[in-house]
Amino acid sequence: MGVQEEASSVVPVLPAKHSGIPQYLFEKATAAKKTIFKGRTKPAKQRQRVPVVPQGIERDAFIAALEELGGQLGKENVEVNDKPLVDGWYMEHPNTHDMMTILDEEEFVASAVVYPSTTEEVQSIVQWANKHKIPIFPISMGRNLGYGGAAPRVRGSVVIDLGRRMNRILDINPEDYTCLVEPGVSYYGLYEAIKERGYDHLWIDVPDLGGGSVIGNAVDRGVGYTPYGDHWACHSGLEVVLPTGEVIRTGMGALPGNNTWQTFPYGFGPFSDGIFSQSNYGIVTKMGMTLMPNPGGYEGFMYTFPKEEDLAPLIDIIRPLRISMILENVAQLRHVTQSVAARGIPRSKFYSGSGPIPMDIVHKAAAEQPVGDHSWGYYGMCYGPEHIRKHKLAIIDAEFKKIPGARKIDPKSLPEDEYYFARERVAAGIPDIHELRWVNWTPNGAHIAFSPVSPIRGTDATALNDLGRRIHDKYGIDFFPAFIVGLREMHLIVEIVFDRDDPERKKAALDCLRDLVEEAAKLGYGEYRTHLVLMDQVAGTYNWNDSALMKFNEKLKDALDPNGILAPGRCGIWPKRYRNRGWEMTRESGVKSEGNGVEP
Ligand code: ADP
């Protein structure tokens with residue numbers, strides 16, 4: 001497919017396509033697509049490809065094994081990846097590779113993609129993988145952009161695209177405020193289903209972009225922006241296919257005939273759910289999720305703060321308010337550079353020099369925008385009927401105004417398409433697509449995140465912010481910090497936006513990330529989640545007591561997955577067949593993702 005053809009296809013819509021956009025966002029998505037393709041100079045790949053064969057199996061045996069699988073699942077449900085790699089964009093994303101790759105696209109690439117329709121079919125794929133010792137890599141929607149998208153960690157793995165055919169909402173319970181979903185249910189899809197059924201009293205919690213799956217986001221411990229923002233904490237009950245093919249239900253799901261699977265996550269005995277998130281110990285085929293009650297009203301608010309140095313005192317003001325739930329939602333404190341980029345205007349319109357965009361240019365651009373100039377912007381939400389909101393908002397106002405020059409932005413003064421309103425919708429559980437805009441900052445915009453966690457403390461915020469800026473400056477990269485404030489901790493999410501068609505900028509981005517992870521760890525900070533390319537490095541920083549935790553993870557991996565077929569290397573956990581063969585990616589291994597063979 002050429003770039004022209006890609007650009008001209010119609011954005012897929014729900015319910016015709018499980019990964020489509022809801023009708024209410026169709027125009028917005030179409031406009032977003034147009035802007036993205038306008039900034040695309042990367043030529044489309046034309047080359048027919050020989051499918052990559054994973055290490056450990058001969059080509060002929062591999063092709064024969066795929067044919068065998070086609071016999072079980074139906075030929076049309078086993079797709080060999082021999083076509084040119086098409087990047088698409090957020091709503092029409094590939095399931096064969098990372099469309100925002102920081103390496104060569106052929107590194108984290110699938111050999112084939114398979115489409116099961118039932119848990120039993122997932123079991124048979126797993127049994128097949130064990131029989132032939134072929135690595136498999138499950139995805140739900142494959143929109144984990146910034147962290148690897150749909151790409152497998154081991155080159156030539158067979159991607160199991162669960163979402164395409166397993167996308168049913170199995171239950172929405174309007175009395176218990178819960179639901180039970182399959183892997184292909186996106187936030188867009190769940191939101192639409194709740195509205196369609198007329199359940200106005202139920203809210204969902206959504207991440208910045210609503211196209212990801214409820215399951216994929218929760219198992220990778222993604223966040224949203226209502227009080228139910230910690231998705232993993234809000235799930236209840238899993239059905240999991242183990243790497244040897246057995247299927248289990250966790251929590252109350254293990255008790256036949258129970259009606260508490262989605263209301264009591266623990267059941268009896270060890271709480272096993274934890275080992276199925278950020279791991280490679282199982283394939284989640286069903287998950288329960290709790291839903292939030294409609295709070296009976298809400299009111300978004302935004303404050304801006306003028307100086308860079310306001311960060312520390314502001315975070316110290318936020319902490320007690322957040323812990324006591326006066327600040328009720330997972331809110332965002334964003335730096336002005338990202339607010340400028342959130343308008344979707346390319347950086348070149350502001351600055352064409354090399355190195356990071358100078359701050360005086362950023363401030364000048366911000367001053368011309370509706371929100372006005374600032375250094376930090378806080379986007380929050382207050383829930384409940386007006387008389388309750390009034391008290392909370394008054395406390396917040398008094399506290400935030402302790403920062404000299406703090407301004408409360410009047411939403412009525414902002415145009416309809418202002419970023420503020422996207423944040424407000426997301427914090428009200430309404431999925432959006434607005435967040436995509438800052439990807440247009442560079443041509444062929446791709447992004448990858450550095451995401452360390454810390455307590456909600458001014459000293460920590462300053463330490464991480466200073467570290468981030470210093471290392472970004474070193475590599476000439478614009479610095480986009482955003483603090484995402486949870487209940488007792490905050491994630492600093494720094495999105496590095498780069499031109500994925502520029503080898504030099506890709507290298508700078510990767511070197512910058514490696515420095516960030518390494519130097520943050522020296523200060524005692526670790527990442528909450530990471531991209532495939534950094535998983536080994538990040539896992540390596542969690543090394544207390546001679547890497548006792550990784551040794552435990554490996555012991556579990558070897559017990560559960562003796563043939564090492566399920567997502568080898570994901571989250572830095574390598575099965576025995578791959579260990580000590582140079583599969584880990586570190587600064588020293590450069591951009592090469594493969595090791596030297598696997599144990600027979
Ligand atoms: P999203 O659905 O948000 O687009 P992905 O499908 O890309 O997210 O999932 C993110 C990551 O989580 C995947 O790369 C995969 O490693 C893991 N994952 C996703 N779905 C499952 C699942 N059903 N079972 C096990 N791991 C999963």
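Just above sits the structure.
Here is what the cut-offs are and how they apply
- Think of each chain on its own: its residues are numbered from 1, step by step along the sequence as written.
- Side-chain atom pairs in this predicted model are given and counted only at pLDDT of 80 or more, local residue features only at pLDDT of at least 70, and totals for whole chains, interfaces and linings cover all residues.
- The side-chain quantities take in all heavy atoms of the structure and omit both hydrogens and water.
- For this description, a residue counts as near a given molecule or strand if any of its non-hydrogen atoms is within 4 Å of it.
- Each polar contact in these results corresponds to two N or O atoms within 3.5 Å; when the atoms are within protein, one needs to be able to donate a hydrogen and the other to accept it, and residues that are neighboring in sequence are counted only if both atoms are side-chain atoms.
- Using a 1.4 Å probe, the Shrake-Rupley method yields the accessible areas, and only the shown protein chains count as cover for residues.
- Secondary structure is summarised from DSSP: a helix means a run of H or I of at least four residues, a strand means a run of E of at least two, and numbering begins at the N terminus for each.
- Throughout, the ten residues Ala, Val, Leu, Ile, Met, Phe, Trp, Tyr, Cys and Pro are labelled nonpolar, Asp, Glu, Lys and Arg are labelled charged, and all others, Gly among them, are labelled polar.
- For every domain, the bounds stem from an assignment made automatically or drawn from a database.
- Only strands joined by at least two bridges in the DSSP assignment are considered to pair.
- Only the contacting stretch of a helix is used when fitting its axis, a line to C-alpha atoms as for every element, and angles between N-to-C directions run 0 to 180 degrees.
- The contact criterion used is simple: two residues touch if any of their non-hydrogen atoms lie within 4.5 Å.

Around the ligand, the structure places 20 residues, and the nearest of them are Ser140, Gly142, Arg143, Ser213 and Val284. Contact between the ligand and Arg143: an oxygen atom at 2.4 Å from a main-chain N or O atom of the residue. Asn144 is positioned such that a nitrogen or oxygen atom in its backbone is 3.3 Å from an oxygen atom of the ligand. For the ligand, whose accessible area on its own is 550 Å², the fraction buried by protein is 96%. The set of elements that each furnish at least two residues to the shell around the ligand consists of strand 3 (136-139), helix 6 (214-219) and strand 10 (283-290). Ranked by residue count, the leading element in the shell around the ligand is helix 6, at four residues. Of the residues contributing to the shell around the ligand, the split by class is nine nonpolar, nine polar and two charged. Lining the shell around the ligand are residues from two domains, each supplying at least three of them: domain 1 (3-161) and domain 2 (169-293).

Another point: the sheet that holds strand 4 (residues 158-161). With respect to topology, four strands assemble into an open sheet ordered 1-2-4-3, the strand pairing being mixed. Each edge of the open sheet is held by one strand with a lone partner, namely strand 1 (78-80) and strand 3. When strand polarity is set aside, the average angle formed by the axes of neighbouring strands in this sheet is 20°. Here helix 3 (residues 59-73) sits on the sheet in contact with strand 1, strand 2 (112-114) and strand 4, set at roughly 150° to strand 1. Packed onto the sheet, helix 4 (residues 119-132) meets strand 2, strand 3 and strand 4 and runs at close to 160° relative to strand 3.

With that settled, consider the sheet that holds strand 5 (residues 169-173). Spatially, five strands are ordered 5-6-10-8-9 in an open sheet, and the strand pairing comes out antiparallel. Across the chains shown, the open sheet's two edge strands, defined by having one partner strand only, are strand 5 and strand 9 (247-249). Recorded for the sheet is a direction-independent mean angle of 10° between the axes of neighbouring strands. With four bridges connecting them, strand 5 and strand 6 (residues 178-181) associate as antiparallel partners. Paired with Ile172 across the two strands is Cys179, which belongs to strand 6.

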